[in-house]
Amino acid sequence: MAEAVVVRTTGGPEVLELAQVDVPAPGPGELLVDVAAAGVNYIDIYFRAGGYAKELPFTPGNEGAGTVREVGPDVDGIAVGDHVAWADVPGSYAQRTVVPAAKVVQVPGGIDDETAAAAMLQGLTAHYLVTSTYPVKPGDTVLVHAAAGGVGLLLVQAAKSRGGKVIGTVSTPEKEALAREAGADEVIRYTETDFAEEIARLTGGVGVAAVYDGVGKDTFDRSLTCLATRGMLVLYGASSGPVPPVDPQRLNSGGSLFLTRPTLGHHIATPDEFRWRCDELFSAISAGRITVRIGARHPLADARKAHEDLAGRRTTGKLLLIP
């Protein structure tokens, strides 16, 4: 038996229950891992609230890191005691969890488990956004919403490392300081200034090559107006709620714009692509080109508070649950 957070019925943060659960033995191609840290992400809120369908009951959490406790049959190259991290694997809000060996990466020496857990889902998201969805080129100007959030801070750094100029939006002076520390060239406090008007001013009316928008409903319409001709709106999340249906003619009238709604799973769908992205991410962390900021750590029993803080936009950097 081990402790885990369980959702028995979908709803608000109050449905997150700490319970004792049976821990299965790892099957063929699987590992049993002692979880050192589990990342908290908006997708966990979507599943908890019922926005994404999932069979009940379930344990939330799609990323983490820890130490291999048992190795199942047909697993090569991984041994008991190895430190591993994973993303896009359910059930991470737990003391122990079973993960497919094909979906873990060994944590390099010099990177601790908490940093590895904090980097996986959001770091890999930042990586695919700037390398595959809209590949940032030297001289590109891009807009990053929620630039002091978990993905936002990593996106700013990743876009800067590719030679881009980054404009970020934040809500408070404290978050502005964090975005600038991450490398943002300009920061707009959207609580005080209309960000679309400020983008027009900062770009001389030209607009930006791409907008990376994980906010959704509250920013979508004005994000479109921020784009240069043939610019791309990358809608990778919806923390403020889903975007209503869109008339494609708006893309035409806005300047032959592009709109995409990507997700991480489609960018780590093969073991080769998963390991390539992990290798590049961990190399950047080891070399100091990417800094992972852990904003808060909570015990499993405080999963409800973690969800409330994330949904209330009271966080910066990454939230972790520590079993």
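In case you missed it, the structure is sitting above this.
Below you will find a few notes about this structure. The structure displayed is predicted, hence computed values, not measured ones.

Scoring rules and cut-offs
- Residues numbered from 1 in each chain as written.
- Predicted model: local features only at pLDDT ≥ 70, side-chain atom pairs only at ≥ 80, totals over all residues.
- Heavy atoms only, no water.
- Helix = DSSP H or I, 4+ residues; strand = E, 2+ residues; numbered from the N terminus.
- Buried < 20%, exposed > 50% of the residue type's maximum accessible area, 1.4 Å probe, protein only.
- Contact = heavy atoms within 4.5 Å.
- Areas by Shrake-Rupley, 256 points an atom, 1.4 Å probe, with all protein chains shown as cover.
- Lys, Arg positive; Asp, Glu negative; His and termini not counted.
- Charge placed at Lys NZ, Arg CZ, Asp CG, Glu CD.
- Axes fitted to C-alpha atoms, helices over the stretch in contact; angles between N-to-C directions.
- Parallel < 35°, antiparallel > 145°, perpendicular 65-115°, else oblique.
- Left-handed = near helix turned anticlockwise from the far one by under 90°.
- Nonpolar A, V, L, I, M, F, W, Y, C, P; charged D, E, K, R; others polar.
- Core = buried A, V, L, I, M, F, W, Y, C linked by side-chain atoms within 4.5 Å.
- Pairing = 2+ DSSP bridges.

## Quick notes on the overall build of the chain
For step 1, the next point in the chain: In terms of helices and strands, the chain carries nine helices and 15 strands.
For step 2, the next point in the chain: For the chain, the spread of C-alpha atoms along the three principal axes comes to 60 × 40 × 35 Å.
For step 3, the next point in the chain: With 323 residues in all, the chain has 54% of them scored as buried.
For step 4, the next point in the chain: The long-range fraction of contacts in the chain, counting pairs at least 24 apart against all pairs at least 6 apart in sequence, stands at 66%.
For step 5, the next point in the chain: For the chain, the accessible surface area stands at approximately 13,700 Å², while carbon and sulfur atoms represent 50% of it.
For step 6, the next point in the chain: Between the centroid of the 29 positive side chains of the chain and the centroid of its 38 negative side chains there is a distance of 5 Å.

## With respect to the packing of helix α3 (residues 150-161) against helix α4 (residues 173-182)
For step 1, the next point in the chain: For the pair α3 and α4, interaxial distance at closest approach is 8 Å and the crossing angle is 30 degrees. Relative to α4, the element α3 lies roughly parallel. Taken as a pair, α3 and α4 cross one another with a handedness that is right-handed. From α3, L153, V156 and Q157 reach across to α4, where they touch L178, A179 and A182.
For step 2, the next point in the chain: Here the contact of α3 with α4 is built from residues that sort into five nonpolar, one polar and no charged.

## A few points about the nonpolar core
For step 1, the next point in the chain: One finds M120, Y134, L155 and Y212 to be the most contacted residues of the largest nonpolar core, which totals 56 residues.
For step 2, the next point in the chain: Here the element with the most residues in this core is helix α2 (residues 113-133); it accounts for 11 residues.
For step 3, the next point in the chain: The residues contacting L155, other than those within four sequence positions of it, are A126, L129, V130, V144, Y212 and Y236.
For step 4, the next point in the chain: Among the nonpolar cores identified, the runner-up in size contains 28 residues, and V35, F47, Y93 and V99 belong to it.

## Looking at the sheet that holds strand β10 (residues 186-189)
For step 1, the next point in the chain: Strand order in the open sheet formed by six strands is β10-β9-β8-β11-β12-β13, and the pairing between neighbours is parallel. Both outer strands of the open sheet, β10 and β13 (258-260), are each paired with one neighbouring strand and no more. Between one strand axis and the next, the sheet turns through 15 degrees on average, direction left out of account.
For step 2, the next point in the chain: Taken together, the four bridges between strand β8 (residues 141-144) and strand β9 (residues 165-170) define a ladder with parallel strand orientation. Bridge pairing in β9 links V144 to G168.
For step 3, the next point in the chain: Sheet contacts for α4: β9 and β10; angle to β10, the most-contacted strand, approximately 160 degrees.
For step 4, the next point in the chain: Sheet strands in contact with helix α5 (residues 195-202) are β8, β9, β10 and β11 (208-213), and its direction is about 155 degrees off that of β10.

## Quick look at the pairing of strand β1 (residues 2-7)
For step 1, the next point in the chain: For β1, the tally of buried residues reaches five of six residues, placing the bulk of the element in the interior.
For step 2, the next point in the chain: For β1 and strand β2 (residues 16-21), the ladder comprises six bridges, and the chain directions are antiparallel. Across the sheet, the residue bridging to A4 is A19, located in β2.

## Some points on the environment of P100
For step 1, the next point in the chain: Checked against the element boundaries, P100 lands in strand β6 (residues 96-100).
For step 2, the next point in the chain: Along the chain, P100 and V89 lie 11 residues apart, while their C-alpha atoms are 8.1 Å from each other.

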